[in-house]
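Notes for the structure review
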Amino acid sequence: MKPFLTLAQAKTPDGADLTLHSHDSHFYLRVNRQPLMGTNASESEKTMAQLACNRLRGIVGARVLIGGLGFGFTLRRVLEMVAKDASVHIAELLPEVVAWNHEHLSEVNGRLLQDKRVEVTVDDVFAVITRAPAAHYDAILLDVDNGPIAMVQDGNARLYQAQGFQAITRVLRPGGRVAFWSACQDRAFENRLSKAGFHTEVIPC
């Protein structure tokens, strides 16, 4: 049996332990020893990118914001869909995650960070959104938590409330889309989105 190896570790701003592991050709992220994501299960990230960006094929100068780099599967699918002159902005809270993609995960999706369309900012995605000009993004993809009630970072709660909805609405272009990744359906969150003026749709993966 191949060993379960710990490759790197970091502390989140909330003090949680984030660790990167490898086992039998796959990689895994854990928070306080609890599974967060793995390269063996990436279809939901790809689906999220598909849903958010399927109307951007051939659109000149499209701008996309991805909240959370992870293993880069969302980024890969977005780059497959947008034009050569698009801009794909990644907001990743932890510099270690960016470094791990370069160092340990280059053969997964790490090399995509060298794509000329990609810009990585090490910062809270909410701060990136609030600094952006009005009507700046065609699509926003938020894969920063396990869902509106299962947050990895406590500060992300504002993304799922009126404060976050207002900020997102301001920076989305007319007809733009925002996609939230969630481990399970949350009807209360859907209702909040609807009351804020969003047309909502839940896609099981």
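Bear in mind that the values here come from a model prediction, so they are computed numbers and not experimental data. (Residues numbered from 1 in each chain as written. Predicted model: local features only at pLDDT ≥ 70, side-chain atom pairs only at ≥ 80, totals over all residues. Heavy atoms only, no water.)

Moving on, we come to the layout of surface pockets. Considering only enclosed or pocket space, the largest pocket measures out at about 1,000 Å³ in volume. What lines the largest pocket is a set of 32 residues, among which Val 178, Ala 179, Phe 180, Glu 201 and Val 202 lie closest to the centre. Counting residues per element, the lining of the largest pocket draws most heavily on strand E9 (residues 172-180), which supplies six residues. Looking at the lining of the largest pocket residue by residue, the class counts come to 19 nonpolar, eight polar and five charged. Its boundaries defined by the atoms lining it, the second largest pocket holds a volume of some 580 Å³. Elements with a minimum of two residues in the lining of the second largest pocket: strand E3 (26-31), strand E4 (34-38), helix H1 (43-53), helix H2 (73-81) and strand E6 (87-92). Tallying contributions element by element places E4 first for the lining of the second largest pocket, with three residues. For the lining of the second largest pocket, the per-class residue count stands at 17 nonpolar, eleven polar and six charged. (1 Å grid on protein atoms, 1.4 Å probe; cavity = no way out; pocket = protein on both sides within 12 Å on 5 of 7 lines; lining within 4 Å. Points joined across faces, edges and corners; volume = space filled by probe spheres on them. Helix = DSSP H or I, 4+ residues; strand = E, 2+ residues; numbered from the N terminus. Nonpolar A, V, L, I, M, F, W, Y, C, P; charged D, E, K, R; others polar.)

Here we take up the environment of Ala 41. Relative to the elements of secondary structure, Ala 41 occurs in the loop between E4 and H1. A C-alpha to C-alpha distance of 9.9 Å links Ala 41 and Phe 73, two positions 32 residues apart in sequence.

With that out of the way, let us pick up the sheet that holds strand E7 (residues 118-122). Across the sheet, five strands lie side by side as E7-E6-E5-E8-E9; this open sheet has parallel pairing. The strands lining the two open edges of the sheet, one partner per strand, are E7 and E9. Neighbour-to-neighbour, the strand axes of the sheet open up by a mean angle of 15°, direction not taken into account. As paired elements, E6 and E7 share five bridges and run parallel to each other. Its bridge partner being in E7, Ala 91 is matched across the sheet by Thr 121. Helix-sheet contacts for helix H5 (residues 162-171) involve strand E8 (137-142) and E9, and the interaxial angle to E9 is about 135°. (Pairing = 2+ DSSP bridges. Axes fitted to C-alpha atoms, helices over the stretch in contact; angles between N-to-C directions. Contact = heavy atoms within 4.5 Å.)

Moving on, we come to the sheet that holds strand E2 (residues 17-23). Read from one edge to the other, the open sheet built from four strands follows the order E1-E2-E3-E4, with strand pairing classed as antiparallel. Two strands close off the open sheet at either side, each with one partner strand: strand E1 (5-11) and E4. When the angles between neighbouring strand axes are averaged without regard to direction, this sheet yields 25°. Summarising the sheet, E3 and E4 pair through four bridges and their orientation is antiparallel. In the strand pairing of E4, Arg 30 is matched with Pro 35. In this fold helix H3 (residues 95-103) packs onto E1, E2 and E3, with an angle of close to 150° to the strand it touches most, E1.

In short, the description is geometric, and any link to function would need to be established separately.
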